[in-house]
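Each chain, letter by letter, is given below.
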Amino acid sequence: MKKQLLIALICAGLSLSVFAEPMFYGKANVSYQIVDEDYFDGGGNVDESTTEVKSNASRIGVKGSLKIEGGIEAIYQAEFEVQFDDGDDKNGETFSQRDIFVGLKGRLGTVKVGKFDTPLKVAQNKVDLFNDLEGDIKHMITEHDNRADNIISYQSPEFGSFVATAALISSEEDGVEDGVSASIAYDQNGLYLAAALDQDVEGEDVDVLRFVAQYNFSDFQVGGLLESVDNASGEDTEAVFVSFQYTIDKLALKAQFGLSDINEDDGQSLSFGVDYTLAEQLKVFSYYTRNESDHILRGAFEGSPDDGREDSYLGVGVELKF
């Protein structure tokens, strides 16, 4: 009798939950680049030229799901950046956290908790064609592409090609407001539109608005981003950014340009690149990026003829997904 009861309990448990096989994945993105950096450090101009090998947000991870009752899935992911060049990042670590979360997914939407990209960051979609390279918009265009700690989010199911996402970022400090990030996106027939906002994510009384548009037609992709920031000091800063891509068989020609006062005063970023796909998960690429600004220290040396930045990067690389 006890044996039969045990078998019945095991069968009942298997009927309530089914594990999907964990999926291990990764990406190795490594480039060799010629660097020319000219900037003002407060004591004078610094002009440095060098070559370097860079690991560009290379990563490994595992993700999967567990099906439970009522069409609900428990989902999980643990992803880590890994240094493929010299084995260490700036803090001397080989591995560092990227998106790490656990959550529930069902007909009513998806809830996640952990450390992962804010809805405002995700809203950029694929408009940044030089993501993780020197032309990445985080270097000169925006400070608000955040991967937040202590974040819980809800993403709605799709309603007529619209998806809404909202997140709360816990400050875990007494007297410090929690941050809020939210977005709504439309994606259909090659047209992607999104609006997003952050409130108190970068700090108290810092509000960010972002608008994104991207259109894919035939072999072309064109995209744009507008961002406005209202700082606690009352200072308003803006950024505008456009990108273009043309694909010819296995070849992709890319270009993007942006103007911004968000990271640095009078910031400009210009990038050109070529990607060549060798296999479904393997490509080689080349790029040129030039980042400039007038006042790297946000006005601290305003009036000096040399208080700015002119950096250029010329590189080639390889990306392998596995």
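Residues numbered from 1 in each chain as written. Predicted model: local features only at pLDDT ≥ 70, side-chain atom pairs only at ≥ 80, totals over all residues. Heavy atoms only, no water.

1. A look at the environment of leucine 129
Examined against the element boundaries, leucine 129 turns out to sit in the loop between helix H2 (119–122) and helix H3 (137–140). Of the residues examined, leucine 129 reaches a relative accessible area of 13% and is grouped as buried. The spatial distance from the C-alpha of leucine 129 to the C-alpha of serine 243 is 7.0 Å, given a sequence separation of 114 residues. Leaving out residues up to four positions away in the same chain, leucine 129 has contacts with Gln221, Ser243, Phe244, Gln245, Lys254, Ala255 and Gln256. (Helix = DSSP H or I, 4+ residues; strand = E, 2+ residues; numbered from the N terminus. Buried < 20%, exposed > 50% of the residue type's maximum accessible area, 1.4 Å probe, protein only. Contact = heavy atoms within 4.5 Å.)

2. Things to note about the confidence of the model for the chain
Overall, the prediction assigns the chain a mean pLDDT of 88, with 87% of residues at 70 or greater. Every residue in residues 297–305 is under pLDDT 50, and counting partners more than four places away or in other chains gives 15 contacts. (pLDDT = per-residue confidence, 0-100.)

3. Comments concerning the packing of aromatic side chains
Under the defined criterion, the tally for this structure stands at six aromatic pairs. Both rings, one in phenylalanine 162 and one in tyrosine 186, keep their centres 5.0 Å apart while their planes meet at 55 degrees; by these two values the pair is tilted. A residue pair is termed long-range when its members are at least 10 positions apart, and phenylalanine 162 in strand E9 (residues 162–169) and tyrosine 186 in strand E10 (residues 179–188) qualify at 24 residues. When the ring of tyrosine 215 is compared with that of phenylalanine 217, the centres are 5.2 Å apart and the planes differ by 25 degrees; the resulting orientation is stacked. With relative accessibility at 36%, the residue tyrosine 215 sits in the partly exposed group. An aromatic cluster of three or more residues is present, and its members are Tyr215, Phe217, Phe220 and Tyr246. Above the face of the phenylalanine 101 ring, lysine 112 is positioned so that its terminal group lies 4.3 Å from the ring centre. Taking NZ or CZ as reference, lysine 254 lies 4.6 Å from the ring centre of phenylalanine 130, over its face. (Phe/Tyr/Trp six-rings, centres within 6.5 Å; stacked < 30°, edge-to-face > 60°. Lys NZ or Arg CZ within 6 Å of the ring centre and 35° of its normal.)

4. Observations regarding the pattern of salt bridges
Side-chain pairs of opposite charge can arise where the charged atoms are in close proximity. Using the criterion set out here, one finds 17 salt bridges in the structure. Measuring nitrogen to oxygen at the nearest pair gives 3.0 Å for the salt bridge that ties lysine 54 to glutamate 134. Note that lysine 54 is positioned in strand E3 (residues 45–55) and glutamate 134 in the loop between H2 and H3, a separation of 80 residues in sequence. Judged by its relative accessible area of 25%, lysine 54 is partly exposed. Residue lysine 115 pairs with aspartate 149 through a salt bridge whose shortest N-O separation is 2.5 Å. Taken together, the positions of lysine 115 in strand E7 (residues 109–117) and aspartate 149 in strand E8 (residues 147–155) put the pair 34 residues apart, joining distant regions of the chain. Note on lysine 115: relative accessible area 17%, which makes it buried. Among the charged side chains, a salt-bridge network with shared partners connects Lys27, Arg59, Asp132 and Glu319. (Salt bridge = Lys/Arg side-chain N within 4 Å of Asp/Glu carboxyl O.)

5. Side note on the nonpolar core
Tyr192, Ala194, Val212, Leu225 and Phe241 are the most contacted members of the largest nonpolar core, which has 17 residues in total. At three residues, the largest contribution of residues to this core is made by strand E11 (residues 191–199). (Core = buried A, V, L, I, M, F, W, Y, C linked by side-chain atoms within 4.5 Å.)

6. Details of the pairing of strand E16 (residues 267–279)
Both strand E15 (residues 251–260) and E16 contribute to a ladder of 10 bridges, which runs antiparallel. Paired with leucine 251 across the strands is tyrosine 276, a residue of E16. Count of turn residues in the E15/E16 antiparallel hairpin: six residues, of which aspartate 266 carries a positive phi of about 50 degrees. Strand direction decides the pairing type here: E16 and strand E17 (residues 282–293), joined by 11 bridges, are antiparallel. Following the sheet pairing, serine 269 is matched in E17 by asparagine 291. Between the antiparallel neighbours E16 and E17 lie two residues. (Pairing = 2+ DSSP bridges.)

7. Some thoughts on the layout of surface pockets
One number sums up the size of the second largest pocket: a volume of about 260 Å³. What lines the second largest pocket is a set of 18 residues, and nearest its centre among them are Ala148, Asp149, Ile169, Ser170 and Val201. The leading source of residues in the lining of the second largest pocket is E8, at four residues. The residue inventory of the lining of the second largest pocket, partitioned by class, reads four nonpolar, six polar and eight charged. (1 Å grid on protein atoms, 1.4 Å probe; cavity = no way out; pocket = protein on both sides within 12 Å on 5 of 7 lines; lining within 4 Å. Points joined across faces, edges and corners; volume = space filled by probe spheres on them. Nonpolar A, V, L, I, M, F, W, Y, C, P; charged D, E, K, R; others polar.)

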